Amino acid sequence: MSAHDWSSSDAPREPRTTETALAMPSLGRLLRMVFRALRLRCPECGGGSVLKSWRPGRPWGDVHTRCAVCNFRFERSDDRYFAGAMLVNLLTAELLFAVSFVTAIILLWPDVPWDAMTYGGAAAMVLLPVLWYPVARVLWLALDLVFRPAQPEEFR
Ligand SMILES: [Zn+2]
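Residues numbered from 1 in each chain as written. Predicted model: local features only at pLDDT ≥ 70, side-chain atom pairs only at ≥ 80, totals over all residues. Heavy atoms only, no water.

(A) Structural detail: the environment of serine 26. Along the chain, serine 26 falls in the segment before α1 (27-38). The sequence separation of serine 26 and phenylalanine 147 amounts to 121 residues, and the corresponding C-alpha distance is 9.7 Å. (Helix = DSSP H or I, 4+ residues; strand = E, 2+ residues; numbered from the N terminus.)

Set out below in C-alpha cells:
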C-alpha cells in the first residue's frame, strides 16, 4: 500500500460546488473584461449589447438572453444569476460616490458649500445605486467570466 492510498476507491466523491472550473485571471483579461462591461458590451467578445434598452414596463437593467454577436448566454445559471450584481452595485456605486465627494471637497477647498454637499450627498447616495444598477449587472457578469471562463456549451 502506498502512502497516498488513504481513501478507498468506492467512497462517494465530493459534490461539485461550482458548475465551471475556476481560473486564475491575468490582469490583462481582467482589464479587458471590465472595460467591455463599462461600455455595456458582451464581456466575452466585446461585440453584442448586454442590456435591453429601457422602455416603460420593462425592468430596469433587463438583460438580453444571448449575445447577438457570439451567442454567449448572459444568464449563466437558472436561479437568480444576477443577484450577485446587488453586491457589485453597492460596492461600486458607493465607491464612485466616495471618490466624487472627496474630489469635490478638494477642488472646492476652503469654500466648500457644506449644506449643498450634505443634501446633495444624501441624494446621490440613494440615486447612484439605482442609476448604476444596469452597469453593475454587466460588471458582475464580467467579473464572473474573469474567474469562471465561458464553456463551449454556453454558446449553444
Ligand atoms: Zn458576445
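Here the narrative resumes.
(B) Here's a closer look at the nonpolar core. Ranked by internal contacts, the top residues of the largest apolar core, which has 23 residues, are Val50, Val63, Phe72, Phe74, Trp132, Leu141 and Leu145. Top element by residues in this core is helix α3 (residues 114-147). It accounts for nine residues. In this view, leucine 145 contacts Arg29, Met33, Pro43, Glu44, Phe72, Arg76 and Ala150; residues no more than four positions away in its chain are not counted. (Core = buried A, V, L, I, M, F, W, Y, C linked by side-chain atoms within 4.5 Å. Buried < 20%, exposed > 50% of the residue type's maximum accessible area, 1.4 Å probe, protein only. Contact = heavy atoms within 4.5 Å.)

(C) Examining the pattern of salt bridges more closely. As enumerated under the stated definition, the model contains four salt bridges in all. Across the pair aspartate 62 and lysine 52 runs a salt bridge, and its minimum N-O distance is 3.6 Å. Of this pair, aspartate 62 sits in the loop between α1 and α2 (85-108) while lysine 52 sits in the loop between α1 and α2, and the two are ten residues apart along the sequence. Between aspartate 144 and arginine 76 there is a salt bridge, with its nearest N and O atoms 3.1 Å apart. With a gap of 68 residues between them, aspartate 144 in helix α3 and arginine 76 in the loop between α1 and α2 connect regions that are remote in the sequence. Comparing aspartate 144 with arginine 76 shows no difference in burial state: the two are buried. Each of the salt bridges in this network shares a partner with another, and the network as a whole consists of Arg76, Asp144, Arg148 and Glu154. (Salt bridge = Lys/Arg side-chain N within 4 Å of Asp/Glu carboxyl O.)

(D) Examining the coordination of the zinc ion more closely. Distances from the zinc ion to its protein donors, Cys42 (SG), Cys45 (SG), Cys67 (SG) and Cys70 (SG), fall at 2.2 to 2.4 Å. Coordination at the zinc ion is tetrahedral, judged from the four donor atoms that bind it and the angles of 108 to 111° they form at the metal. The motif formed by the donor residues of the zinc ion, counted along the single chain, is C-x2-C-x21-C-x2-C. Taken together, the residues cysteine 42 in the loop between α1 and α2 and cysteine 67 in the loop between α1 and α2 connect sequence positions 25 residues apart. When its relative accessible area of 3% is taken as the criterion, cysteine 67 is described as buried. (Donors = N, O, S within 2.8 Å, 3.2 Å for Na, K, Ca; no water. Tetrahedral: all angles 85-135°; square planar, octahedral: opposite > 155°, others 65-115°.)

None of the figures reported here should be taken as evidence of function without further support.
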